[in-house]
Every structure is written in structure tokens, then in C-alpha cells.
Amino acid sequence: LPAVPAVLKKRLVKLVVNFLFYFRTDEAEPIGALLLEHCKITKEEENVFSISFIEEPERKYCFECATEEQCQEWVEALRRASYEFLRRSLIFYRNEIQKMTGKDPLEQYGISEEARFQLGAHRQ
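Residues numbered from 1 in each chain as written. Predicted model: local features only at pLDDT ≥ 70, side-chain atom pairs only at ≥ 80, totals over all residues. Heavy atoms only, no water.

So, the sheet that holds strand β1 (residues 11-16)
What the three strands build is an open sheet, ordered β1-β2-β3; its pairing is antiparallel. Each of the sheet's edge strands pairs with one partner strand only, and the pair in question is β1 and β3 (32-35). The mean inter-strand angle of the sheet, taken between neighbouring strand axes irrespective of direction, is 25°. Bridge count between β1 and strand β2 (residues 19-24): six bridges; the pairing is antiparallel. What sits directly across from Val 16, in β2, is Phe 19. Where helix α1 (residues 68-79) meets the sheet, it contacts β1 and β2, and its direction lies at approximately 40° from that of β1. (Pairing = 2+ DSSP bridges. Helix = DSSP H or I, 4+ residues; strand = E, 2+ residues; numbered from the N terminus. Axes fitted to C-alpha atoms, helices over the stretch in contact; angles between N-to-C directions. Contact = heavy atoms within 4.5 Å.)

As C-alpha cells, then:
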């Protein structure tokens, strides 16, 4: 079967935490959003990157930026936007602070023993 041609549409996008909202250029309300979890951000060409999801690898969202620099900024921001990235960062920095100070930085908040902050720990 011949490949279905991609439909190009001009959209404005806004990243809020781990959601990428997209808008028509003439509307204030978003027409949709992508939850940036379990996804892969790929640099495709000089000014183009894509987002694909583990559950639907055949479906890919492509974005074209005005410049190479802008494209790189978007790729980096989107890669840092997921909950998993933030969780791994928290665990890494928590461990580094503990090595340097000998104290768990989360202890003062009463959550030092929470399993959700332990790498590889799963609640049943």
C-alpha cells in the first residue's frame, strides 16, 4: 500500500510541565495536547524534530522550527519535561546531597523513607 502523505498544519505550541498544548494560530484555546510520558523526542533534520510514543510507535508528530538553535532548545526542553526525567533527577540529586552532607535532604519533610523516591522500588 502507498504511504499516506503527511498533512502539514501550522500550529502554535506551549509547553506546560509535561503537556505540550497546541493551538490554531487564530485561536486562544488549545485544540489538543500531548502528554510527554513514555515518548521519544528525535531530531529529524536541521530544523525538524519529532515526538513518538512507545504505545503507538507508528504515529509520529513532526515539528518544524524557524532555526536550528530553536529546534535544539525545544528538543532539550521536551526531553526534560517528563515525570520520569524529573523523578530520576530528584533521586540523583538527593543521593549526591546525601553523599556530601551525610543527611537525607528530604528527611526534614518527613518523606525520607517513601518508596516512591527510591530507585527501582515499586509499590504493589
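Observations regarding the layout of surface pockets
The volume enclosed by the largest pocket comes to roughly 1,000 Å³. Lining the largest pocket are 24 residues, and of these Lys 9, Arg 11, Cys 62, Phe 63 and Glu 64 lie nearest its centre. Those elements giving two or more residues to the lining of the largest pocket turn out to be β1, β2, β5 (48-53), β6 (56-64) and α1. Per element, the largest residue contribution to the lining of the largest pocket is seven residues, and it comes from β6. In this structure, the second largest pocket occupies an estimated 170 Å³ of space. (1 Å grid on protein atoms, 1.4 Å probe; cavity = no way out; pocket = protein on both sides within 12 Å on 5 of 7 lines; lining within 4 Å. Points joined across faces, edges and corners; volume = space filled by probe spheres on them.)

What about the nonpolar core?
Core analysis: the largest hydrophobic core is formed by 13 residues, its most contacted members being Leu 20, Phe 49, Ile 51 and Leu 78. At the level of elements, β5 and α1 are the ones that each hand at least two residues to this core. Dropping the residues within four chain positions of it, Phe 49 is found in contact with Ile 41, Thr 42, Lys 43, Glu 44, Tyr 61, Cys 62, Phe 63, Cys 65, Cys 71, Trp 74, Val 75 and Leu 78. (Core = buried A, V, L, I, M, F, W, Y, C linked by side-chain atoms within 4.5 Å. Buried < 20%, exposed > 50% of the residue type's maximum accessible area, 1.4 Å probe, protein only.)

Some points on the sheet that holds β5
Ordered in space as β4-β5-β6, the three strands form an open sheet in which the pairing is antiparallel. One side of each edge strand has no neighbouring strand; the edge strands of this open sheet are β4 (39-45) and β6. Between one strand axis and the next, the sheet turns through 25° on average, direction left out of account. Across the sheet, α1 lies against β4 and β5, angled at about 170° from β4, the strand it touches most.

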